[in-house]
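# Overview (structure and organization)
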Amino acid sequence: MLGFVLMIPLVVTSTGAMVRRLGYKRWQMLHRLIYFSALAGVIHYYWLVKSDVRLPLMYGAILTC
């Protein structure tokens with residue numbers, strides 16, 4: 001749920017008009033929330049998988065690169 005909630009401000013501010021309104025630096029800081037959202041998704045997927053955790057760990061490794 002945290003990953004989903006973190007995506008809402010990113011969706012709202014993804015237009016060119018919002019980039020101009022916020023200023024590029026503040027917009028970029030806000031859009032770095034995607035990393036936290038992706039991490040929440042990887043953790044959720046890891047918790048979901050019971051036996052073979054290789055795929056969630058692979059996604060986590062890709063995220064850290």
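Here, every reference points to the structure presented above.
An account of the accompanying structure is given in this report. From a predicted model like this one, the values you see are computed outputs, not experimental measurements. (Residues numbered from 1 in each chain as written. Predicted model: local features only at pLDDT ≥ 70, side-chain atom pairs only at ≥ 80, totals over all residues. Heavy atoms only, no water.)

### A short note on the side chain of H31
This is how the line gets drawn: Under the scheme used here, helices are H or I runs from DSSP no shorter than 4 residues and strands are E runs no shorter than 2 residues, and both carry numbers assigned from the N terminus. Any N or O atom pair separated by 3.5 Å or less is treated as a polar contact, with the protein-specific requirement of one donor-capable and one acceptor-capable atom, and with residues adjacent in sequence counted only for side-chain atom pairs. By definition in these notes, contact holds between two residues if any of their heavy atoms fall within 4.5 Å.
Topologically, H31 is positioned in helix 3 (residues 24-31). A distance of 3.0 Å separates the side chain of H31 from the side chain of T13, its partner in a polar contact. In contact with H31, other than residues within four places in its own chain, are L10, T13 and S14.

### Brief notes about the layout of surface pockets
Inclusion rule: The method works on a 1 Å grid over the protein atoms by themselves. A cavity is a set of points holding a 1.4 Å probe that cannot get out, a pocket is an open set with protein on both sides within 12 Å along at least five of seven lines, and residues with an atom within 4 Å of a point line them. Grid points are joined across faces, edges and corners, and a volume is the space filled by probe spheres set on the points. The classification used treats Ala, Val, Leu, Ile, Met, Phe, Trp, Tyr, Cys and Pro as nonpolar, Asp, Glu, Lys and Arg as charged, and all other residues, Gly among them, as polar.
Taken as a whole, the largest pocket holds about 180 Å³ of empty space. Along the walls of the largest pocket sit M1, L2, G3, L6, F36, L39, A40, G41, I43 and H44, which together make up its complete lining. Contributions of two or more residues to the lining of the largest pocket are made by helix 1 (2-12) and helix 4 (33-48). In terms of residue class, the lining of the largest pocket is built from 7 nonpolar, 3 polar and no charged.

### Brief notes about a nonpolar patch on the surface
Condition: To count toward a patch, a residue needs a relative accessible area above 30% and no salt bridge. Like charges then connect within 9 Å, nonpolar side chains (Val, Leu, Ile, Met, Phe, Trp, Tyr) within 5 Å. Throughout, the Shrake-Rupley method with a 1.4 Å probe supplies accessible areas, and for residues the shown protein chains are the sole cover considered. Put simply, a salt bridge is a Lys or Arg side-chain nitrogen that is within 4 Å of an Asp or Glu carboxyl oxygen. Under the scheme applied here, a residue whose accessible area is under 20% of the maximum for its type counts as buried, over 50% as exposed, and between as partly exposed, the area being computed with a 1.4 Å probe on protein chains only.
Among the surface-exposed residues, M1, F4, V5, I8 and V12 lie close enough to one another that they form a single nonpolar patch of about 560 Å² accessible area. Position of M1 relative to the elements: it lies in the segment before helix 1. When its relative accessible area of 77% is taken as the criterion, M1 is described as exposed.

### Some remarks on the pattern of salt bridges
Within the structure shown, the criterion is met by 1 salt bridge. Across the pair R54 and D52 runs a salt bridge whose closest N-O atoms are separated by 2.8 Å.

Taken by themselves, the reported measurements are silent on function.
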